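# Close look at the chain arrangement
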Amino acid sequence: MPVVCILHHLERPFLGHAARPLRDAGLTIDERFLRRGDPLPEPAEFDGLLVLGGVESAVRADDDPLLRAEAALLVDAVTAGRAVLGICLGGQLLAHALGGRVRHVGRVIGWRELHRLPAAADDPLVGGLPEPVPGLHFNEDVFDAPPGAEVLLGPAPSGTAAFRFGECAWGLQYHPDVDEEVLEGWLRDYGTEIGDVDGLRAASAGWLDAQAQASSILFGAFARIVGERA
């Protein structure tokens, strides 16, 4: 069975919308909970690598031993031809590892309509996404696509919304992994940072069905890519 390794950074980790497509594809899921001390894998241990979000800042990746090790792993995985998908912090680390710039811009929270750019037309990950693409942002840092990458979706509030590097590595700034349960937890836990919780909850009601559909397509596509690379 092809193996997808998932790197978790959060105190309360989740797979959200990624869970069912990865399992339905028959992939072996190897979850590493880095806050609990799980070791990073070697590229030989997986066919796909999914790096999820966290509270750490990739702006300081060179000064943080774990983030520095993750960035090195991402370079090794891309070099080895493994399928790689980085989301939020994961996308920032991937951009950083490949020579892109990560910047601190302050809290960005909310939904945004994203649209496929010309490079996305035949992209195996995002080419099948509906228009518009639901873009849930919950971040303080953003990234600029690394040199040589194709920008796939836009417009981002700042930086790059999504890029592909080479044939099999993708970085996303937004959160397709967040489902309704996770979002409700964030509204509860981060209310003081969000500010207008009721406003975001009301806005989210109009996006959740589209989010579920788009996320199923995206993670299903990633699962297929993992299988093909294997």
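The coordinates are above.
The present account deals with the structure reproduced in this document. (Residues numbered from 1 in each chain as written. Predicted model: local features only at pLDDT ≥ 70, side-chain atom pairs only at ≥ 80, totals over all residues. Heavy atoms only, no water.)

So, on to the pairing of strand 5 (residues 102-116). As paired elements, strand 5 and strand 6 (residues 133-143) share 10 bridges and run antiparallel to each other. Paired with Trp111 across the bridge in strand 6 is Leu136. Pairing between strand 5 and strand 7 (residues 150-154): 2 bridges, direction antiparallel. Paired with Arg116 across the bridge in strand 7 is Leu153. (Pairing = 2+ DSSP bridges. Helix = DSSP H or I, 4+ residues; strand = E, 2+ residues; numbered from the N terminus.)

Attention now moves to the packing of helix 4 (residues 180-189) against helix 6 (residues 197-205). Packing of helix 4 against helix 6 brings their axes to within 10 Å, and their N-to-C directions diverge by 170°. Between helix 4 and helix 6, the interaxial angle falls into the category roughly antiparallel. Packed against helix 4, whose contacting residues are Leu183, Glu184 and Leu187, the element helix 6 presents Val197, Leu200, Arg201 and Ser204 at the interface. Along the lines of polarity and charge, the residues of the contact of helix 4 with helix 6 split into 4 nonpolar, 1 polar and 2 charged. (Axes fitted to C-alpha atoms, helices over the stretch in contact; angles between N-to-C directions. Parallel < 35°, antiparallel > 145°, perpendicular 65-115°, else oblique. Contact = heavy atoms within 4.5 Å. Nonpolar A, V, L, I, M, F, W, Y, C, P; charged D, E, K, R; others polar.)

On to the nonpolar core, then. Grouped together as the largest cluster of nonpolar side chains are 37 residues, with contacts concentrated most on Leu22, Leu50, Leu85, Leu125, Leu218 and Phe222. Of all the secondary-structure elements, those providing two or more residues to this core are strand 1 (3-8), helix 1 (19-24), strand 4 (83-87), strand 7, strand 9 (169-172) and helix 7 (208-229). No other element matches the 8 residues that helix 7 contributes to this core. Those residues within four positions of Leu50 in sequence are excluded, and the remaining contacts are Val4, Cys5, Ile6, Leu7, Ala18, Leu22, Leu85, Ile87, Phe219 and Phe222. (Core = buried A, V, L, I, M, F, W, Y, C linked by side-chain atoms within 4.5 Å. Buried < 20%, exposed > 50% of the residue type's maximum accessible area, 1.4 Å probe, protein only.)

Remark on secondary structure: sheet strands pair via backbone hydrogen bonds, oriented parallel or antiparallel. Pairing is mixed across the open sheet formed by 9 strands, whose spatial order is 2-1-3-4-9-8-7-5-6. What marks the edges here is a single partner per strand, and that holds for strand 2 (28-33) and strand 6. When strand polarity is set aside, the average angle formed by the axes of neighbouring strands in this sheet is 20°. Contacting strand 1, strand 3 (48-51), strand 4, strand 8 (162-165) and strand 9, helix 2 (residues 65-79) crosses the sheet at an angle of about 150° to strand 3.

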